[in-house]
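# Observations on the model geometry
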Amino acid sequence: MAFSILAYHAASKHSFSRYADGPGFLDWETQPDPFRRYEGSPEIPLALPPDEPGPGYERLWDRPPDPAPLSRLSLSRFLYESLALSAWKQAPHAPPWSLRVNPSSGNLHPTEGYLLLPPLPGIESAGVFHYSPLRHSLEARRLLRADQWEELAAGLPPGAFFVGLSTIYWREAWKYGERAFRYCHHDLGHALGTLAFSARIRGWRALLLPAVGEAELASLLALEDQRGPEAEHADCLLGIFPDRCRPPEEAVRSFRLPSTLLAALRGLPPLGKPNRLSPDHVRWPLLERAIASAAYPGGWPGEPAPPPLPVPPVVRPQPSEGASLLLRRRRSALAMDGKTPIPRESFLRLLSQLLPRGDGFPFALLPWRPRVSVLFFVHRVGGLAPGLYLLLRSPAHEAPLRRELRPEFAWQAPPGFPEALPFRRLALGDFREAAAKISCYQTIASGGCFALAMLADLSGVGEQPWFYPRLFWECGLLGQLLYLGAEAAGLQGTGIGCYFDDALHDLAGIRGLPWQSLYHFAVGRGVPDRRLQSRPAYAHLARSPG
Ligand SMILES: Cc1cc2nc3c(=O)[nH]c(=O)nc-3n(C[C@H](O)[C@H](O)[C@H](O)COP(=O)(O)O)c2cc1C
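Residues numbered from 1 in each chain as written. Predicted model: local features only at pLDDT ≥ 70, side-chain atom pairs only at ≥ 80, totals over all residues. Heavy atoms only, no water.

## Remarks on the pattern of salt bridges
Once their charged atoms are close, side chains differing in charge can pair, the charge on each being opposite to the other. Evaluation of the coordinates by the stated rule reveals 35 salt bridges. The salt bridge partner of Arg 200 is Asp 359, with a shortest N-O separation of 3.1 Å. Taken as a pair, Arg 200 in helix α5 (residues 180–201) and Asp 359 in the loop between α11 (344–353) and β12 (372–378) lie far apart in primary sequence, 159 residues in all. Residue Asp 359 is classed as partly exposed on the basis of its relative accessible area of 31%. A salt bridge links Arg 369 to Asp 457; the nearest nitrogen and oxygen atoms lie 3.8 Å apart. (Salt bridge = Lys/Arg side-chain N within 4 Å of Asp/Glu carboxyl O. Helix = DSSP H or I, 4+ residues; strand = E, 2+ residues; numbered from the N terminus. Buried < 20%, exposed > 50% of the residue type's maximum accessible area, 1.4 Å probe, protein only.)

Here it is, written out as structure tokens:
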């Protein structure tokens, strides 16, 4: 019988009686190198930008800033605020480890990033460049002639370039075994989030080019010959455009890689050889089947996404911290203080940022109607009684969720909350213990202001298995908004990939497909671990600021 990605979904659930299959211990001998290098490829170092605040975080939802010209320096800043290192941490008597602007489950960082650029001063040749976060540099993998770049970017506005993302599953599988597929795609969604924000700060717009299939992307990114557990799997291509002259939606949706260019590239050996990440590997057949089954052929049959919701501003805009600083300062809370509440206004602001609205930033990056709504465990929110609440991210979710969730749920607009906000009270009560228990007994889910579960509509995933990872991208993007919104509110967030799937479903009344919880999250006042020392991200590079 053909393998179904839904079988993977069921088998990779954690439950009170059984965790999804994983190694059960950490084999430090085979810990994967978090940094891919392409040995022997020409390296282009990028200047280290001085830390600047950038435009106010809340202002990003207003008009986009004037577009920055495309240059080696603006690209350096773009990467510095999206995929770069953010700090080094060290515990007493232990080797240091690095953190990045984009978070990752277990800090294992399976996502690799590529830039596809026109010829630019200081970069000289058009080409495909792997980004090295460790060295904040570009490694050339393919050089393109000017006419090949013209062919690739035909019809796109001047100043356009591309970002490619790929995944090394082994990095997450080393620690998490079969559940790794989910975490890799959460992480990819978080990276989409940091790229979307970093683009917005520079007046650019990041949009997924959804018709590009994995095999053609692998050829373009020079990944097609990689095999084995350390292979990078090509996931997606983004177009980055000056926001005010971005191409029409239809052109974005139908963008394909030119077959003549791909044919020419397939005959050329790529530059550089991938470094080895681990001396040995453990194979996870279920994970391998999930990867194969969810491979995306390209072509994008999806319906056009509906326009953003006409949600009026629910809170007064207020001056907020610079978005560039927030992006680089973001950290996961390791523990929550168990007492600090989030003020009502900050909570409302966060809720409204989770909805597709305004000019579509950032959710129009994903060209499908929202498939994820959010179930909140409210613990300490100003003006809101503790309990279970639901944020409906699409009007189309209300009827099916009303049918699916517990019949006793109230579905009432909370008193004193704006009517226009699709936020409903389901049940009152103290859900702190339940939230922690469901989240693999992690107290970050009970000790914060709120925790949440992202409920995704898996309809059609059996027939179009490549949509399954995309649901995690949507969850990861939401997670990135929560991380940043929490920081903007003076709090912190933590992604929660470890939770007991069906325990959450039982609590909510979900009896099976299509609604499933795909990601959890907690927001609160983090308690720092005072034993950890922090060092600047790039002290190891003797490179002058740009
Ligand atoms: C998809 C995902 C799942 C995560 N799951 C958990 C979790 O279950 N428990 C936890 O304490 N942290 C979790 N984290 C937080 C990561 O451990 C954290 O992002 C990583 O250590 C890097 O640290 P940073 O976020 O401060 O950069 C998760 C993060 C992501 C992106």
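And the narrative resumes.
## A look at helix α8 (residues 259–266)
Listing the buried residues of α8 in full gives Leu 261, Leu 262 and Leu 265. The buried side chains of α8 occupy one side of the element, clustering within an arc of 100 degrees when seen end-on. Away from its buried face, by an angle of more than 90 degrees, α8 presents the exposed residues Ser 259, Thr 260 and Ala 263. Check the buried side of α8 and you find it contacts β7 (137–144), α3 (146–152) and α6 (214–220). (Arc of directions from axis to C-beta. Contact = heavy atoms within 4.5 Å.)

## What about the domain arrangement of the protein chain?
Under the domain assignment used here, the protein chain contains domain 1 (101–293) and domain 2 (323–524). Summarising the inter-unit geometry, the C-alpha centres of domain 1 and domain 2 are found 28 Å apart. Contact residues are listed per partner, giving 31 residues for domain 1 and 34 residues for domain 2. Buried area between domain 1 and domain 2, summed over both chains or domains, comes out near 2,800 Å², and the portion from carbon and sulfur atoms is 65%. Our count for the domain 1 to domain 2 interface comes out at four salt bridges. (Domains from an automatic or database assignment. Buried area = accessible area lost by both parts, 1.4 Å probe.)

## Quick look at the site of the ligand
In the vicinity of the ligand, 22 residues are found, and the nearest of them are Arg 330, Ser 332, Gln 442, Gly 495 and Gly 497. With respect to the ligand, the side chain of Arg 330 contributes an N or O atom lying 2.9 Å from an oxygen atom. Gly 497 is positioned with one of its backbone polar atoms (N or O) 2.9 Å from a nitrogen atom of the ligand. The protein chains hide 84% of the 620 Å² of surface that the ligand would expose on its own. Here the residues of the shell around the ligand sort into seven nonpolar, eleven polar and four charged. Both domain 1 (101–293) and domain 2 (323–524) contribute no fewer than three residues apiece to the shell around the ligand. (Near = heavy atom within 4 Å. Polar contact = N/O pair within 3.5 Å; in protein donor to acceptor, adjacent residues only side chain to side chain. Areas by Shrake-Rupley, 256 points an atom, 1.4 Å probe, with all protein chains shown as cover. Nonpolar A, V, L, I, M, F, W, Y, C, P; charged D, E, K, R; others polar.)

## A word on the sheet that holds strand β18 (residues 533–535)
Across the sheet, which stays open at both edges, the three strands sit in the order β4-β3-β18 with antiparallel pairing between neighbours. Across the chains shown, the open sheet's two edge strands, defined by having one partner strand only, are β4 (97–100) and β18. Neighbour to neighbour, the strand axes of the sheet diverge by 35 degrees on average, direction disregarded. Both strand β3 (residues 85–90) and β18 contribute to a ladder of three bridges, which runs antiparallel. Residue pairing across strands places Gln 90 opposite Gln 533, the latter belonging to β18. (Pairing = 2+ DSSP bridges. Axes fitted to C-alpha atoms, helices over the stretch in contact; angles between N-to-C directions.)

## Considerations on the state of the cysteines
Applying the stated criterion across every chain, the model contains one disulfide. Two residues share a disulfide in this structure: Cys 440 and Cys 498, whose sulfurs sit 2.2 Å from each other. Where Cys 440 bonds to Cys 498 through sulfur, the torsion about that S-S bond is close to -90 degrees, and the disulfide is left-handed. One end of the pair, Cys 440, is in the loop between α13 (432–438) and β15 (450–457); the other, Cys 498, is in the loop between β16 (492–496) and α15 (501–508), and 58 residues separate them in sequence. Accessibility expressed as a relative area gives 23% for Cys 498, which makes it partly exposed. Cys 475 forms no disulfide, and the closest cysteine sulfur to it belongs to Cys 184, at a distance of 15 Å. (Disulfide = S-S within 2.5 Å.)

## With respect to the packing of aromatic side chains
Two aromatic rings are characterised by how far apart their centres lie and by the angle between their planes. What the rule picks out here adds up to 39 aromatic pairs. Ring geometry for Tyr 519 and Phe 521: centres 6.3 Å apart, planes at 90 degrees, overall edge-to-face. Neither Tyr 519 nor Phe 521 differs from the other in exposure class; each is buried. An aromatic cluster of three or more residues is present, and its members are Phe 347, Phe 376, Tyr 389, Phe 417, Phe 423 and Phe 450. (Phe/Tyr/Trp six-rings, centres within 6.5 Å; stacked < 30°, edge-to-face > 60°.)

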